[in-house]
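Tertiary structure, described
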Amino acid sequence: MSEAAGKPLQSYRFMLLYALAVAGGAIAYVPFLTIIFPMRVTFLAGADDVQWLAYMTFAGAISASLGNILFGWLSDVTRHRRGWILCGLICSSLLLLGFAWVERFEALIGLILLWQLSLNMMLAPLGAWAGDCVPDHQKGMLGGLIAFSPALGAFSAAIITIPGLAGPETRLWMVAALVVVCVVPVIIFGAPRRLPELQPALGIEQVRPVIERHGRQMVVRMWVARLLVQISEAALFAYLYFWFRSIDSGLGDSTTARILSIVLITAIPIAIITGRWADRHDRPIFPLAVFAGCSSIGLLVMALSSTPISAIAGYFLFGLATTVFLSLHTGQTLRVLPKAERRGRDLGLFNLTNTTPSLVMPWIVLALVPIFGFPVLLGLLAFLALAACIVLATFPKASNIPEIA
């Protein structure tokens, strides 16, 4: 067991406020992209709404990817994360409110691209800030706390859609207000301790031989593993409802929503406990391999399911394992980034594992499901998740790789 005694620790106040800010990032896009924006597209496009939503989602993902890399790099160059976070928060909130007054389709397209850019002006430096402040022996706990993010994002979507609570314009104000409430505290009150070993000059000088031996391999493996798991998550995010209905027509939208909520809530304590275990035992990568394997098993159960009980059980295992994996992976990614002075840029490149699957998976689903059905698709996704498990499990013990960032 590895003990953190004698090692510098980041304050738990900062880590909690930081996790709240990350949750604010999820609140910024989950209710908007899943509910508010599609409704606006339908209002303007009418019967062609599905087609136009697909086009704008594609363009928005490209804008988000480029923005994440750009603003991550700019925050590296300026070495002032909080300024970029605050600027992105203000710009994205104002642009969000602007959707209430859009009456032309061309304006909607331009606004969604600008909003994606401004949102990533906040998200990119926010992600890199953790690498500046949180040491390796607390990154597991950081990943566990980040598990609150998807749960609060889904919860905010449920709140703003309570019947009779708010109209379309008021929903935008509610989302913007929630994001501000979540992000501003870490900017004002975070006050992270400065840990010299995480700073660029000292960090790179100490670990150059380690980077040459292990760093690049670990970066590639972590990137590939997350991409493989994200492909599965992206495929089911959009088509879970349809798969449940193919098993049993009685599994409607309310059932799907309840299952999703239970999965996200259950993942929080598991991620925190597992992250803490990884810190204490200095085994940051091992839990990732385990949860990738569990995700593969869940997908295989789903592929073989013919009853509602087995379908729900399979998805519960998959959803739980994937949520925990992605949360812990976010924290441990900071461990393997090769250059401290380019954390923001490199995290932007890692962010491509989030956006790329959303660009390609709809077409793969459309190519497979109509011909072969969901079992073949789920079997393919199970194989990809298993590959992610193998990619991580076959690498030398990650605790032999010291602070690379």
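Residues numbered from 1 in each chain as written. Predicted model: local features only at pLDDT ≥ 70, side-chain atom pairs only at ≥ 80, totals over all residues. Heavy atoms only, no water.

Brief notes about the packing of aromatic side chains
Rules: Side-chain rings of Phe, Tyr and Trp (the six-membered ring for Trp) are treated as a pair once their centres are within 6.5 Å; stacked means planes under 30 degrees apart, edge-to-face means over 60, and tilted covers the remaining angles. Per the convention used, a helix needs a DSSP run of H or I reaching at least four residues, while a strand needs a run of E reaching at least two, with both numbered from the N terminus. The cut-offs for exposure are 20% and 50% of the maximum accessible area for each residue type, with area from a 1.4 Å probe on protein chains only; residues under the lower value are buried, those over the upper are exposed, and the others partly exposed.
The tally for this structure, following the rule as stated, stands at nine aromatic pairs. Aromatic side chains Phe32 and Trp115 sit 4.7 Å apart centroid to centroid with 50° between the ring planes, which places their arrangement in the tilted category. A residue pair is termed long-range when its members are at least 10 positions apart, and Phe32 in helix α1 (residues 12–45) and Trp115 in helix α4 (residues 105–133) qualify at 83 residues. Judged by its relative accessible area of 1%, Trp115 falls in the buried class. Between Trp277 and Phe286, the aromatic rings sit 6.1 Å apart at their centres with planes inclined by 45°, giving tilted as the arrangement. For Trp277, a relative accessible area of 34% puts it in the partly exposed group. A residue is classified by how much of its surface remains accessible, and Phe286, at 42% relative accessible area, is partly exposed. Each residue in the set Phe32, Phe37, Phe99 and Trp115 is aromatic and connected to the rest through ring pairs, giving one cluster.

Remarks on the side chain of Asp346
The test is simple: Any pair of residues with heavy atoms lying within 4.5 Å of one another is described as a contacting pair.
The topology assignment puts Asp346 in helix α12 (residues 343–350). Classification of Asp346 by relative accessible area gives buried; the value is 6%. Setting aside residues no more than four positions away along its own chain, Asp346 makes contact with Leu337, Pro338 and Lys339.

Section: the side chain of Ser295
Examined against the element boundaries, Ser295 turns out to sit in helix α10 (residues 286–304). Ser295 sits in the buried class, given a relative accessible area of 1%.

Observations concerning the pattern of salt bridges
What counts is decided by this rule: For salt bridges, the criterion is a side-chain nitrogen of Lys or Arg within 4 Å of an Asp or Glu carboxyl oxygen.
Evaluation of the coordinates by the stated rule reveals eight salt bridges. Ionic pairing is found between Arg345 and Asp346, a salt bridge with its closest N-O pair at 2.8 Å. The exposure class assigned to Arg345 is partly exposed, which follows from its relative accessible area of 28%. Salt bridges sharing partners connect three or more residues here, namely Asp76, Arg81, Asp132 and Arg343.

Structural notes on unusual backbone geometry
Most of the time, phi is negative for any residue but glycine, and the peptide bond is trans. Its identity as a non-glycine residue notwithstanding, Ala191 has a phi of 45°, on the positive side. Among the structural elements, Ala191 can be located in the loop between α7 (168–189) and α8 (200–247). A positive phi is found at Asp282, a non-glycine position, where the angle reads about 55°. With respect to the helices and strands, Asp282 occurs in the loop between α9 (253–281) and α10.

Some details on the packing of helix α3 (residues 81–98) against α7
Cut-off, in case you're wondering: Only the stretch in contact is used when fitting a helix axis, every axis being a line fitted to C-alpha atoms; angles between N-to-C directions are given from 0 to 180 degrees. For classification, angles of less than 35 degrees are called roughly parallel, those exceeding 145 degrees roughly antiparallel, those between 65 and 115 degrees roughly perpendicular, and all remaining angles oblique. For this classification, the nonpolar set comprises Ala, Val, Leu, Ile, Met, Phe, Trp, Tyr, Cys and Pro, the charged set comprises Asp, Glu, Lys and Arg, and every other residue, Gly included, is treated as polar.
At a minimum axis separation of 10 Å, α3 and α7 run at an interaxial angle of 170°. As far as their axial angle goes, α7 and α3 are roughly antiparallel. Between α3 and α7, the residues in contact are Arg82, Ile85, Leu86, Leu89, Ser93, Leu96 and Leu97 and Leu172, Trp173, Val175, Ala176, Val179, Val180, Val183, Val184 and Ile187, respectively. Partitioning the contact of α3 with α7 into residue classes produces 14 nonpolar, one polar and one charged.

A word on a nonpolar patch on the surface
For clarity, the cut-off: Only residues above 30% relative accessible area that lack a salt bridge enter a patch, with like-charged residues linked at up to 9 Å and the nonpolar side chains Val, Leu, Ile, Met, Phe, Trp and Tyr linked at up to 5 Å. Areas reported as accessible are Shrake-Rupley estimates using a 1.4 Å probe. Residue values count occlusion only from the protein chains shown.
Where nonpolar side chains cluster on the molecular surface, the patch consists of Phe58, Ile62, Leu66, Trp363 and Leu366 and spans about 510 Å² of accessible area. Residue assignment for the nonpolar patch shows that the elements contributing at least two residues are α2 (49–78) and α13 (352–372). The element contributing the most residues to the nonpolar patch is α2, with three residues. Here Leu66 shows up in helix α2. The exposure class of Leu66 is exposed, given its relative accessible area of 55%.

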